[in-house]
Amino acid sequence: MNDIVREARLRLLRMHYESGVGHIGGNLSCLDVLLTLHHRVLRDEDRFVLSKGHAAGALYVTLWSRGLLTDDDLKQFHKEGTKLAGHPPVTGVPGVLFATGSLGHGLGLAAGLALGKRLTGESGRVYCVMSDGEWNEGSTWEALTFAAHQQLDRLTFIVDLNGLQGFGTTAEVADLGELREKLHSFRVQLLEIDGHDPAAIEAALRTESDRPIAIVARTIKGAGVSFMEHKMEWHYLPLTAAQYEQALAEIAGR
Amino acid sequence: MRTILSNTLVAYASRPDFVFLTGDLGFMALEPVRTAAGARFINAGVAEQNMVTVAAGLARSGLRPWVYSIAPFLYARPFEQIRNDVCLHALPVFLVGNGGGYAYGVMGATHHALEDYGALCALPNLTAYVPAFAEDVGAAIARMTAAATPAYLRLGRDEKPKELVLPPYAPWRRLLAGGGPVLVIVGPLAGGILAPLLSWPEASRPSVWVLSELPVHAATLPEELLGDLQRSGHLFVVEEHVVQGGAGQMLAHALLTRGKAPARFTHRAALGYPSGRYGSQRYHRRESGLDPESIAAALRAGAA
């Protein structure tokens, strides 16, 4: 997985650089999880929802890495007339079941899909990747309450816990303390991992339980690029040419 | 109408794609649905946003979820969920709002739904169904399920005059022929307004139409309606909904689009709370001039 992650990081940076688009930090923080999920875990009968839709770039690069999007597709990211919008679109991208981007929807959508599997008797799991900032949203807590109450045992949700949100750290904006403690008080199976360790990610994603599984993935916003790591501004900023060259050198050299 | 809904959905409960969600409401009404649907009857709790989102997930799984609450709680709180999760994807999620307009009367403003279908009809792919009579509910449900697209069903109280012989359900129905203005009524208001008009001389009474599906599409306006309008030159729309986004605006737009605008246009709509006081549905209708006496008086006065 390490080579796959490195190649995807380089492609992600190139895509964002060529398109002049930000949101790089939060894409890099969840890229390892998305890659591991799509390369090592997801089967045809499984479903995936990207609740943190602002990580669309990471998802597109992941789909490219799996051969489901082409290099030409990625070159159109964020361009006029593209199918690859800044957030996952309604149609046209393989595996994207829902347009996301407004936070607080993904966990409920995944819960609906997991309940649907139970009611229809279909096999497979439902995976949802969330941000930590979207635990500000009341609807996320509604969805957690529902999933736990219904004991949706086909549901796995992963929280990309990078500690930074739109205009501050999660502690500064609406401090929840330790999210894992809050999750623990609901009836979910709680796992905590290093979100940049593919082996740990895969083991967590392969876990099964008689209840919903919550994976708290401790991550680094801007992971792999020294000047981006743990920096809120990389939620927004596009790369300059010099920054792009430095980022490439750092990732290629690792 | 809620009882008819319950009885109708009991008959649908054996379908393999049936699933029903309620936002913790339906006591003394939905118990038969709960019994018939078993595990497919889900009380989603007092969490309308999540209920709608979960319904979208269920619909993506091949199911056709029914989502129930009282009307005001169903369209406003989860509006973004209806827009993003349901309507953008044209999923077959059937929203059922009980108590449209001022139906919850003295319960107060938070329990009224005065801008529900206007707000929802702004969304893509959604059709709002506003049955006027209890007999319409089954047919409206059949059309919702056949269309298999996002739908909102606004329920009220049946007010059908006993002597009225109701034509079969359709989006547009002429209930009474007359030589006066063309009176278009949305929803259960029609029954009470129609009752006194039945005894008026045909030459002076209005031509009464009931409109049950929204938005209004210019291309599918009934030719008989256009004929009535051409003859009378006066359109009079009555609805228990605010002016903005209401059926009156939709119909005016459709007629202008068709080049069939009448010379006169009268619109009676919900005015909100002019006195700041609360009462029964009848009380609020009267304050807005929507009650049968006010409409009859307006017609006698030439609908000034």
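Cut-offs used in this document
- Residues numbered from 1 in each chain as written.
- Chains lettered and ligands numbered in written order.
- Predicted model: local features only at pLDDT ≥ 70, side-chain atom pairs only at ≥ 80, totals over all residues.
- Helix = DSSP H or I, 4+ residues; strand = E, 2+ residues; numbered from the N terminus.
- Buried ≥ 20, exposed ≤ 12 C-beta atoms within 10 Å, placed from the backbone.
- Contact = placed C-beta atoms within 7 Å.
- Pairing = 2+ DSSP bridges.
- Right-handed = clockwise from strand over helix to strand, strands pointing away.
- Axes fitted to C-alpha atoms, helices over the stretch in contact; angles between N-to-C directions.
- Domains from an automatic or database assignment.
- Nonpolar A, V, L, I, M, F, W, Y, C, P; charged D, E, K, R; others polar.
- Left-handed = near helix turned anticlockwise from the far one by under 90°.
- Expected span 1.5 Å × (residues − 1).
- Arc of directions from axis to C-beta.

Draft legend 1. Expanded view of the overall build of chain B. Helices and strands together make up the secondary structure of chain B, namely twelve helices and twelve strands. Reported as C-alpha extents along the three principal axes, the dimensions of chain B are approximately 55 × 40 × 35 Å. Looking at chain B as a whole, 51% of its 304 residues are labelled buried. Sequence separation of at least 24 residues holds for 76% of the intrachain contacts in chain B that already meet a minimum separation of 6.

Draft legend 2. Spotlight on the pairing of strand E1 (residues 18-22) of chain B. Residues and elements named next belong to chain B. Summarising burial for E1: five of the five residues are buried, a large majority. What you see with E1 is no split at all: Phe18, Phe20 and Thr22 on one side and Val19 and Leu21 on the other are buried throughout. Where E1 and strand E3 (residues 64-70) come together, five bridges link them in parallel fashion. Across the sheet, residue valine 19 finds its bridge partner in E3, namely proline 65. Since E1 and strand E2 (residues 41-43) lie parallel, the crossover through helix H2 (residues 31-37) that links them has a hand, and here it is right-handed.

Draft legend 3. Focus on the sheet that holds E1 of chain B. Residues and elements named next belong to chain B. With mixed pairing, seven strands are arranged side by side in an open sheet as E2-E1-E3-E4-E6-E5-E10. The two strands at the open ends of the sheet, each matched to only one other strand, are E2 and strand E10 (213-214). Helix H3 (residues 48-60) rests against E1 and E3 of the sheet, and its axis sits at about 165° to E3. Sheet contacts for helix H7 (residues 134-147): E3, strand E4 (94-98), strand E5 (127-129) and strand E6 (151-155); angle to E6, the most-contacted strand, approximately 170°.

Draft legend 4. Layout of the domain arrangement of chain B. Residues and elements named next belong to chain B. Its domain assignment divides chain B into domain 1 (2-155) and domain 2 (172-300). On a C-alpha basis, the centroid separation for the pair domain 1 and domain 2 is 26 Å. Between domain 1 and domain 2, the residue contacts involve 25 residues of the former and 26 residues of the latter. Elements represented by at least two residues in the side of domain 1 that touches domain 2 include exactly helix H6 (116-121), E5 and H7. Among the residues forming the side of domain 1 that touches domain 2, the class breakdown is 16 nonpolar, six polar and three charged.

Draft legend 5. View of the interface of chain B and chain A. The interface is formed by 24 residues belonging to chain B together with 22 residues belonging to chain A. Broken down by secondary-structure element, the contributors of at least two residues to the side of chain B that touches chain A are H3 and helix H5 (79-87) of chain B. The leading source of residues in the side of chain B that touches chain A is H3 of chain B, at nine residues. Taken together, the residues of the side of chain B that touches chain A break down into ten nonpolar, ten polar and four charged.

Draft legend 6. Quick look at the packing of helix H2 (residues 24-41) of chain A against helix H3 (residues 56-65) of chain A. Residues and elements named next belong to chain A. The geometry of H2 relative to H3 is characterised by a closest axis approach of 9 Å and an angle of 35° between their N-to-C directions. As H2 packs across H3, the resulting crossing turns out to be right-handed. Residues Asn27, Cys30, Leu31, Leu34, Leu35 and His38 of H2 pack against Gly57, Ala58, Leu59, Thr62 and Ser65 of H3. Here the contact of H2 with H3 is composed, by residue class, of six nonpolar, five polar and no charged.

Draft legend 7. View of the environment of valine 106 of chain B. Residue and element names in this part refer to chain B. Along the polypeptide, valine 106 turns up in the loop between E4 and H6. Exposure remark for valine 106: the 13 C-beta atoms within 10 Å place this residue in the partly exposed category. Between the alpha carbons of valine 106 and tyrosine 169 there is a distance of 31 Å; along the sequence they are 63 residues apart. In contact with valine 106, not counting residues within four places along its chain, are Tyr278, Gly279 and Ser280.

Draft legend 8. Here's a closer look at H7 of chain B. Residues and elements named next belong to chain B. Relative to the 20 Å expected for 14 residues at 1.5 Å per residue, H7 spans 21 Å between its end C-alpha atoms, a close match to the ideal helical length. Looking at H7, one finds that the buried residues are Ala134, Asp136, Val137, Ala140, Ile141 and Met144. The buried side chains of H7 occupy one side of the element, clustering within an arc of 140° when seen end-on. For H7, the secondary structure elements touched by its buried residues are helix H1 (2-12), E4, E5 and E6. In the stretch just after H7, alanine 148 is the one whose phi turns positive, near 55°.

Draft legend 9. Broad picture of the packing of H1 of chain B against H7 of chain B. Residues and elements named next belong to chain B. Running from N to C, H1 and H7 cross one another at 35°; their axes reach a closest spacing of 9 Å. As H1 runs across H7, the sense of the crossing is right-handed. Between H1 and H7, the contacting residues are Ile4, Leu5 and Thr8 on the first element and Ala134, Val137, Gly138 and Ile141 on the second. Of the residues belonging to the contact of H1 with H7, the class tally is five nonpolar, two polar and no charged.

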